[in-house]
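A look at the structure
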Amino acid sequence: MDAVLQLGTRVLAPFRGTQQEGVVVERLDETDLAPGKIKDISNCLDETPTFSTDLLALTKWMAEYYVCSWGITLFCAVPAAVRTQKEQKVQLLPGAPAPRGKIQKELVAFLEAEGELSLNQLARRVGVSYQNLRPKITALQEKGIVNLDVTHKPKANTQLTTVATLALPPADIEAEIDRLKGEADGSEESSGPRPTSRRYVAAAKHAEILRLLLDEGVPLATADLTKRVNTSISLLRTLERRGFVHITRAQAVRNPLSSEPIAATQPLHLNSAQSMAFAEIQNIGVSHTTDASSFPATECPPTFLLHGVTGSGKTEVYMQAMTEILGNGKSVIVLVPEISLTPQAASRFVGRFGERVALLHSRLSDGERYDQWHRIQKGEADIVIGPRSAVFAPVKELGMLIIDEEHSDSYKSDTVPRYHARDVAQKRGELANCPVLLGSATPSLESFHRAKNGDYRLLSLPDRVLGRKMPDVHIVDMRTELKKGNRTIFSDILRSSIEACLERREQIILFLNRRGHSTHVFCRTCGYVERCENCSISLTFHFETKRLVCHHCGDKRPTHPTCPQCSSPAIRYFGLGTEAVEQEVRKAFPQARVKRFDADSTTRKNAHQQILETFEQQKIDVLIGTQMVSKGLDFPNVTLVGVIAADTSLNFPDFRASEQTFSLLTQVAGRSGRAELEGKVVIQTYMPEHYCIAAVQKHDYLGFYAQEVEARGALRYPPFSHVGTLLLRGKDEKQVEEAAHAVRDQLQIWLTDPAPAAQVPDVGETDVEILGPAPAPLSKIEGKFRWHFLLRSNSVERISQLLKHLADEPPVAIKSNAIEFVIDIDPTNIL
Ligand SMILES: Nc1ncnc2c1ncn2[C@@H]1O[C@H](COP(=O)(O)OP(=O)(O)OP(=O)(O)O)[C@@H](O)[C@H]1O
Ligand SMILES: [Zn+2]
Ligand SMILES: [Zn+2]
């Protein structure tokens, strides 16, 4: 295999009695291992390596930085659909001796009767577990009675689809369409017997099908075709019988955008701020990749931070920068938050770049994902648009990485490996020697800090395009409303603004970052609160399903008509959610067409897209939503944004609470008045004096940054330090607490005792501070108690190394009590 085994190729190798999938990460000519220990690789799974050398280096770096195994980061870089699936088949060998033992005899009998069977099938036939079956099969293997054949197959393969094509020349089809239309109108048959109405409809549909095939000029998947004409396959079959179409199986690339035609767009004439930003990207960024001679190889490629207010035309700058990169024969990866990966947002890129775009999003089927990944790998798509995992896209010749809404916490993975796509992108840019472009109206504190320090190049778009104004923001103190005797959820100004907006037939977005109807259900007599049995939080009442739901573990239960503790009927519902807002809006403005847009109203496939389309067509007046309404929506007729309660997240015990609230409110506010019509924003709050709220009112990112960065500095939080968290969890509260203290003692020893600490390489003035242990703010989730630590240092490597040490040598209390621990480097959420 010497000739075919390249770095990054996936292989099968014998491992502990079975075959395991692995990746060639290095080739050694010599080893200390005893010759008998070395085994041959059984099979090569790739024709071209799955991992480029850049991706190998990137995933290796991730494993060290985020403290996990290289295998985990390697397999996180390939979509599951591309990975292989293991199939283990047992076959009876010819002329095998009869086995001894009852189960062995049964096994052989089943194999004789049914031929080859998988391990799982066999386990089911004889009624033993897989674990118990395994050694028996190994024994049979050793005696030469059976053979175990392990193969790895791709999960989703390129699929054949049923497609329809025209069977006659266009002129004949046109003639048939005319005839069918006549038939549908009934004109030809006026003298004969009356055709049934069903026949009229069929003729009309037949005409439509032919028209569509003629206009599109390419084979169309029958599933797509029948959906678009809103008919059944039987009508298509009739056309086939009459000789107008062929229906065949063909390999169709499953293009997730195929059913919506997207209008092509041309580059816009950039305004002066956009031109300046573009010129800098062009001069410093693009030339960095093309003109290697003017940049010493040691110099890192630049990172740009494009800070542009909402509606300032950042996307246009991205697209024109992309055109330059593509013109040099390189490819581009664009990361966008999953939440704004609506076809509308992606269609702006497709409108400009067409077929070259590969779109990766979570609603793709396995097959679609497989196709897109291979299109990228083969170089058929040189633009990749996707959420955080798209940072690993196997593009050829990477020329730029763009991260839109770089502050979004959707870029941080909440499962192992807990990577942040922004930092991974930066590392990938470094490896590929290509620039990174970050963009946001509300940059993360870390990024803006780096820009101010000169680590990033700051580009600014301070104004909206075409001289459009930022919306007027009104802050309403809800305490004053209450004093005035207004007990509704609408302040007077929000109510009158909604009325005025409806009258002008303009559109409204109302924002509240809480799903469900009420977040607290309690008994007024005894104070009993409905809580989740598995988690330390109260249950949210959902009106539509009439259920109490835990927003952490998803547990559901019916409501109690009376208090389960004291039987009082005085059950109260408290704490507003989007469902309640919807009800209040319907009550107060019965003339308005209202729609809710949150995780509960968009569970059906395509519901997301449908609601946004209906809103775009102005068939909805008021859209009520959670943070799903905050990003990427560009609807010209929206002139009012109302924030029902701004403080929901401001008091979270997390050092990023203000930053997250500021960016969320600014993004939501930015949906108003984006086109010719002037916009207005009403923010209702109980904390009008908070600097975060005041800065939102003035659209003052710089002011907010100045205050927030000072607060962070005083407490030595990022960007003035690096933070890592360590979470311990287990079923027994006492044991978790004990383990937490044992961990603390261990860490202290490593930090103070010079001998073991020497194992953690010294990286200069970088002491690690340990905060904790303490119960996590969410002290119990899914039945597990949680304690945590915060580790703080100037050097993130030092935190990683210390935690790696702990993962390798955990204190006894962790092992013996089976306590899980979760390491999170640069966490975005410390609840
Ligand atoms: N130079 C230009 N001339 C005219 N219109 C422009 C120009 N640049 C952008 N636009 C238009 O302005 C609108 C807002 O631009 P865009 O959505 O790119 O802003 P953004 O900064 O990405 O906004 P947000 O951060 O709020 O999503 C779009 O409809 C876009 O087509
Ligand atoms: Zn009670
Ligand atoms: Zn729960």
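Here goes a summary of the coordinates provided. (Residues numbered from 1 in each chain as written. Chains lettered and ligands numbered in written order. Predicted model: local features only at pLDDT ≥ 70, side-chain atom pairs only at ≥ 80, totals over all residues. Heavy atoms only, no water.)

**So, the pairing of strand E2 (residues 18-23)**
Where strand E1 (residues 10-15) lies against E2, six bridges are found, and the strand directions are antiparallel. For Arg10, the partnering residue across the bridge sits in E2 and is Val23. (Pairing = 2+ DSSP bridges. Helix = DSSP H or I, 4+ residues; strand = E, 2+ residues; numbered from the N terminus.)

**Topic: the coordination of the zinc ion (ligand 3)**
At this site the zinc ion (ligand 3) is bound by Cys532 (SG), Cys535 (SG), Cys550 (SG) and Cys553 (SG), with donor distances of 2.2 to 2.4 Å. For the zinc ion (ligand 3), the four donor atoms in the first shell make angles of 106 to 112 degrees at the metal, a pattern classed as tetrahedral. Along the chain, the residues that donate to the zinc ion (ligand 3) are spaced as C-x2-C-x14-C-x2-C. Note that Cys535 is positioned in the loop between strand E19 (518-523) and strand E20 (540-542) and Cys550 in the loop between strand E21 (547-549) and strand E22 (556-558), a separation of 15 residues in sequence. The exposure class assigned to Cys550 is buried, which follows from its relative accessible area of 1%. (Donors = N, O, S within 2.8 Å, 3.2 Å for Na, K, Ca; no water. Tetrahedral: all angles 85-135°; square planar, octahedral: opposite > 155°, others 65-115°. Buried < 20%, exposed > 50% of the residue type's maximum accessible area, 1.4 Å probe, protein only.)

**As for the site of ligand 1**
Inspection of the region around ligand 1 gives 19 residues, with His269, Gln274, Lys314, Arg348 and Arg674 positioned closest. With respect to ligand 1, the backbone of Ser312 contributes an N or O atom lying 3.2 Å from an oxygen atom. The contact in question runs from an oxygen atom of ligand 1 to an N or O atom on the side chain of Asp634, over 3.1 Å. When ligand 1 is considered free in solution it has 640 Å² of accessible area, and contact with the protein chains removes 84% of it. Here the shell around ligand 1 takes three residues from helix H11 (residues 314-327), the largest share from any one element. Partitioning the shell around ligand 1 into residue classes produces five nonpolar, eight polar and six charged. Formed jointly, the shell around ligand 1 draws a minimum of three residues from each of two domains, domain 4 (272-459) and domain 5 (472-514 + 576-715). (Near = heavy atom within 4 Å. Polar contact = N/O pair within 3.5 Å; in protein donor to acceptor, adjacent residues only side chain to side chain. Areas by Shrake-Rupley, 256 points an atom, 1.4 Å probe, with all protein chains shown as cover. Nonpolar A, V, L, I, M, F, W, Y, C, P; charged D, E, K, R; others polar. Domains from an automatic or database assignment.)

**Things to note about the sheet that holds strand E30 (residues 784-793)**
As summarised here, the arrangement of the four strands in space is E29-E30-E28-E31, forming an open sheet in which the pairing is antiparallel. The open sheet has two edge strands with one neighbour each: strand E29 (769-781) and strand E31 (820-825). Adjacent strand axes in the sheet meet at a mean angle of 20 degrees when their direction is disregarded. Pairing geometry for E29 and E30, over seven bridges, is antiparallel. (Axes fitted to C-alpha atoms, helices over the stretch in contact; angles between N-to-C directions.)

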